[in-house]
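Architecture and fold: a report
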Amino acid sequence: MTASIDLGFDAAVLCGGGSRRMGTDKALVEIDGTAMARRVALALEQAGSGTVLAIGGDRPALTALGLSVVSDRWPGEGPLGGLVTALTTPGAHDLVAVLSCDLVHPDPTEVTRLVAQLSASGRDAVIPRVDGRPQWLHGVWHRRVGGVLEAVFAAGERSMFGAVHGLEIDIVAVVDGHAYDDADRPSDLPDRH
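Presented here is an overview of the structure given in this document. (Residues numbered from 1 in each chain as written. Predicted model: local features only at pLDDT ≥ 70, side-chain atom pairs only at ≥ 80, totals over all residues. Heavy atoms only, no water.)

**Observations concerning the nonpolar core**
Among the nonpolar cores identified, the biggest contains 31 residues, and Val13, Cys15, Ala37, Leu44, Leu62 and Val111 are the most heavily contacted of them. Counting residues per element, the ones that place at least two in this core are β1 (9–14), α1 (36–47), β4 (52–55), β6 (95–100), α4 (108–121) and β7 (125–130). A total of five residues in this core trace back to one element, the largest contributor, which is α1. Not counting residues up to four positions away in its chain, the partners in contact with Leu44 are Phe9, Ala11, Ala12, Val13, Ser49, Val52, Ala97, Leu99 and Val111. Counting residues in hydrophobic clusters, the runner-up holds 23 residues, among them Ala125, Val145, Leu149 and Met160. (Core = buried A, V, L, I, M, F, W, Y, C linked by side-chain atoms within 4.5 Å. Buried < 20%, exposed > 50% of the residue type's maximum accessible area, 1.4 Å probe, protein only. Helix = DSSP H or I, 4+ residues; strand = E, 2+ residues; numbered from the N terminus. Contact = heavy atoms within 4.5 Å.)

Structure representation (structure tokens):
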């Protein structure tokens, strides 16, 4: 079990989306006997999150996994709506770690690293960069940007990259990109023999 640090943050697991390439709800696909959404929530809890919410997805199935579910305010509108929902849902802390449900190897240590960096920097978000690409759905955000992102969303923006224009964001390299491996297709899943 990973030691947690007391930086005070809440967390959200994005569970919406059609999972078309997977062919079944990614949040509920099991790896080593545990649904992916639950695995991500456990990693966030081990990292020290005060609260972990599942955003969107199949409420009865996620609740049966022991997750607290908040309905995505804009289901079917893409991940930006899920992020806005996560950041505008009241919580105990200003910082919110937001991870997609489809991480294959969610890493509590990586979460605490990002939380610590955002806490120290005072910026709007810290986003990891893997293979030269920002991982917008695997970052830590300050709640104060929820309203800004909601206004951009209301104006019609659906792209994560377009929505964050003007925000102060640290995009950081990662040492081990496996913490950000995701599963979009069955072939992305680890061997489950």
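Next, the rest of the story.
**Regarding the environment of Thr51**
Mapping Thr51 onto the fold places it in the loop between α1 and β4. Classification of Thr51 by relative accessible area gives partly exposed; the value is 34%. Along the primary structure Thr51 and Phe9 are separated by 42 residues, whereas in three dimensions their C-alpha atoms are 7.8 Å apart.

**Structural notes on the pairing of strand β9 (residues 138–142)**
Along β9, five of the five residues are buried, which leaves the element largely enclosed by surrounding structure. By the bridge criterion, five bridges tie β6 to β9 in an arrangement that is antiparallel. Its bridge partner lying in β9, Leu95 is registered against His142. Here two bridges tie β7 to β9, and the two strands are oriented antiparallel to one another. Of the residues in β9, the one forming a bridge with Val126 is Val140. (Pairing = 2+ DSSP bridges.)

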